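Overview (structure and organization)
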Amino acid sequence: MFRNNLKAIMSIGLVLLFGLTGFAQMQKAEIKATGLTCSMCSNAINKQLKAMNGVVNVSTDLNTNSFFVAFENNNAITPKMLKDAVEKAGFFIGSLELTLSSEDLKKKESSYIILDENVSNSTTDTKVKVYDKGYLTHKEFKKMQKTFSKVPTYALDNEEDYHIKRVL
């Protein structure tokens, strides 16, 4: 009996230990979408973003095809979830900028890989840009592959890692 309980407790502990992925919590996001031709296109993306659990507000700038997203505190939204929402609407991300808190960025279990020292030394909320495939235009991603060729994780194309750099 004791042995079965111990196995159950250990199994639950392992699931909790390895099943939780740490992300720096996003406070805001600015998404520039590609492929939009009219206000109906932006409306489709707007609806997908607003339907996400943890999104407080979405505002749109039709002149720049930009979507400004505000999140609830303690949300579990990841950049991949934002990307999936835009793609579900039938479009692609041309640029993704996030506002992250400095303490969240310093967490060791974070899935954000910092490409410049300015981000890790920050003491305030920091605006960063994601430089991975699917978060840039194809042309810009090709250019970044050359720029970040010495970063071993950049070439791996792991969708759970996000390479970021501070936006000045």
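Relevant structure appears above.
Attention in this report is confined to the structure presented alongside it. Not measured: the values here are computed from a predicted model.

**A look at the overall build of the chain**
Within the chain, the secondary structure is distributed over six helices and seven strands. Along its sequence from the N terminus, the chain presents helices and strands in the succession α-β-α-β-β-α-β-α-β-α-β-α-β. Burial status across the chain gives 40% buried among its 168 residues. Partitioning the contacts of the chain with sequence separation of at least 6, the portion at a separation of at least 24 is 70%.

**Focus: the sheet that holds strand E6 (residues 126-130)**
If you trace the seven strands from one edge of the open sheet to the other, you get E2-E3-E1-E4-E6-E7-E5, paired in mixed fashion. Each edge of the sheet is formed by a strand with only one pairing partner; in this case those strands are strand E2 (55-61) and strand E5 (112-114). Taken pair by pair, the neighbouring strands of this sheet meet at an average axis angle of 30°, ignoring direction. One ladder, built from eight bridges, connects strand E1 (residues 26-34) with strand E4 (residues 92-100); its direction is antiparallel. Bridged to Ala 33 within E4 is Ile 93. Set on the sheet, helix H3 (residues 79-88) makes contact with E1, strand E3 (66-71), E4, E5 and strand E7 (162-166); between it and E4 the angle comes to about 145°.

**A word on the state of the cysteines**
For the structure on display, the rule yields zero disulfides. In this model Cys 38 remains outside any disulfide bridge; the closest cysteine sulfur is found in Cys 41, 3.7 Å from its own.

**With respect to the pairing of E4**
Taking burial as the measure, the nine residues of E4 include eight buried ones, the bulk of the element. Relative to E6, E4 is paired through four bridges, and the arrangement is antiparallel. Its bridge partner being in E6, Leu 100 is matched across the sheet by Thr 126.

**Some details on unusual backbone geometry**
The bulk of non-glycine residues show a negative phi, and the bulk of peptide bonds are trans. The residue Asn 65 is not glycine, and still its phi comes out positive at about 55°. For Asn 65, the location among the structural elements is in the loop between E2 and E3. Taking relative accessible area as the criterion, Asn 65 reaches 22% and is therefore assigned partly exposed. Positive phi, close to 55°, is recorded for Asn 74, a residue that is not glycine. With respect to the helices and strands, Asn 74 occurs in the loop between E3 and H3. Taking relative accessible area as the criterion, Asn 74 reaches 68% and is therefore assigned exposed.

Thresholds, definitions, all that
- Residues numbered from 1 in each chain as written.
- Predicted model: local features only at pLDDT ≥ 70, side-chain atom pairs only at ≥ 80, totals over all residues.
- Heavy atoms only, no water.
- Helix = DSSP H or I, 4+ residues; strand = E, 2+ residues; numbered from the N terminus.
- Buried < 20%, exposed > 50% of the residue type's maximum accessible area, 1.4 Å probe, protein only.
- Contact = heavy atoms within 4.5 Å.
- Pairing = 2+ DSSP bridges.
- Axes fitted to C-alpha atoms, helices over the stretch in contact; angles between N-to-C directions.
- Disulfide = S-S within 2.5 Å.

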